[in-house]
Amino acid sequence: MLESSTEKKFKKEVEKLGGWALKFIPLHLAGFPDRITLLPGGNVFFAELKQKGKPLRKLQVVVCSRLKRMGFTVDRVDEDNLTQTIEKYRDAIHSA
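These figures come from a predicted structure and were not determined experimentally.

Peer 1: I would appreciate a short explanation of the overall build of the protein in the present structure.
Peer 2: Within the protein, the secondary structure is distributed over 3 helices and 4 strands. For the protein, the succession of helices and strands along the chain, N to C, is α-β-β-β-α-β-α. A compact globule built from 96 residues would reach a C-alpha radius of gyration of about 12 Å, and the protein, at 13 Å, matches this within 12%. Long-range pairs, those at least 24 residues apart, make up 54% of the contacts in the protein between residues at least 6 apart in sequence. When the accessible surface of the protein is split by element, carbon and sulfur atoms take 56% of a total near 6000 Å². Mean positive and mean negative side-chain charge positions of the protein (18 and 12 charges, respectively) differ by 5 Å.

Peer 1: Could you clarify how one ought to interpret a nonpolar patch on the surface in this entry?
Peer 2: Where nonpolar side chains cluster on the molecular surface, the patch consists of Trp 20, Leu 22, Leu 38, Val 44, Met 70 and Phe 72 and spans about 560 Å² of accessible area. Position of Leu 38 among the secondary structure elements: in strand β2 (residues 35–39). Leu 38 gets classed as partly exposed once you look at its relative accessible area, which sits at 30%.

Peer 1: How should I be thinking about the environment of Asn 43 in this particular structure?
Peer 2: Within the secondary structure, Asn 43 is located in strand β3 (residues 43–49). In the structure, Asn 43 is positioned 25 residues away from Lys 68 in sequence and 15 Å away in space, judged by C-alpha atoms. One polar contact links the side chain of Asn 43 to the main-chain carbonyl oxygen of Pro 40, over a distance of 2.9 Å.

Peer 1: Just to check I follow, could you spell out helix α3 (residues 82–95) for this structure?
Peer 2: In an α-helix, one full turn covers 3.6 residues, which means residues spaced three or four apart are oriented alike. For α3, with 14 residues, the first-to-last C-alpha span of 20 Å sits near the 20 Å given by 1.5 Å per residue. All buried positions along α3 are accounted for by Leu 82, Thr 85, Ile 86, Tyr 89, Ala 92 and Ile 93. The buried residues of α3 occupy an angular sector of 115 degrees when projected down its axis, which confines them to one face. Across α3 from its buried face, at more than 90 degrees, point the exposed residues Thr 83, Gln 84, His 94 and Ser 95.

Parameters at a glance
- Residues numbered from 1 in each chain as written.
- Predicted model: local features only at pLDDT ≥ 70, side-chain atom pairs only at ≥ 80, totals over all residues.
- Heavy atoms only, no water.
- Helix = DSSP H or I, 4+ residues; strand = E, 2+ residues; numbered from the N terminus.
- Rg over C-alpha atoms; globule rule 2.2 N^0.38 Å.
- Contact = heavy atoms within 4.5 Å.
- Areas by Shrake-Rupley, 256 points an atom, 1.4 Å probe, with all protein chains shown as cover.
- Lys, Arg positive; Asp, Glu negative; His and termini not counted.
- Charge placed at Lys NZ, Arg CZ, Asp CG, Glu CD.
- Patch = residues over 30% accessible without salt bridge, like charges linked within 9 Å, V, L, I, M, F, W, Y side chains within 5 Å.
- Salt bridge = Lys/Arg side-chain N within 4 Å of Asp/Glu carboxyl O.
- Buried < 20%, exposed > 50% of the residue type's maximum accessible area, 1.4 Å probe, protein only.
- Polar contact = N/O pair within 3.5 Å; in protein donor to acceptor, adjacent residues only side chain to side chain.
- Expected span 1.5 Å × (residues − 1).
- Arc of directions from axis to C-beta.

Written out as structure tokens, the structure is:
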């Protein structure tokens, strides 16, 4: 599955949860995750969508690590773990 197909499906599944999967393209910060995911209950997640088997680029690793150190959840999402990631988001909504 292409990255764009995974991203489209991810966005649709987040919307089913009542959330937004906003495409974020910062002008002066390369490597930032593809989507900021806002879910009911004030849950915020970052998602880097990838084609199956493609690793994060070095700069993406650095940026995602920094976000994690700040206390944010950052998920690398591909076709293999998309369902698992959406389940994690669903659980976060129900525990809020």
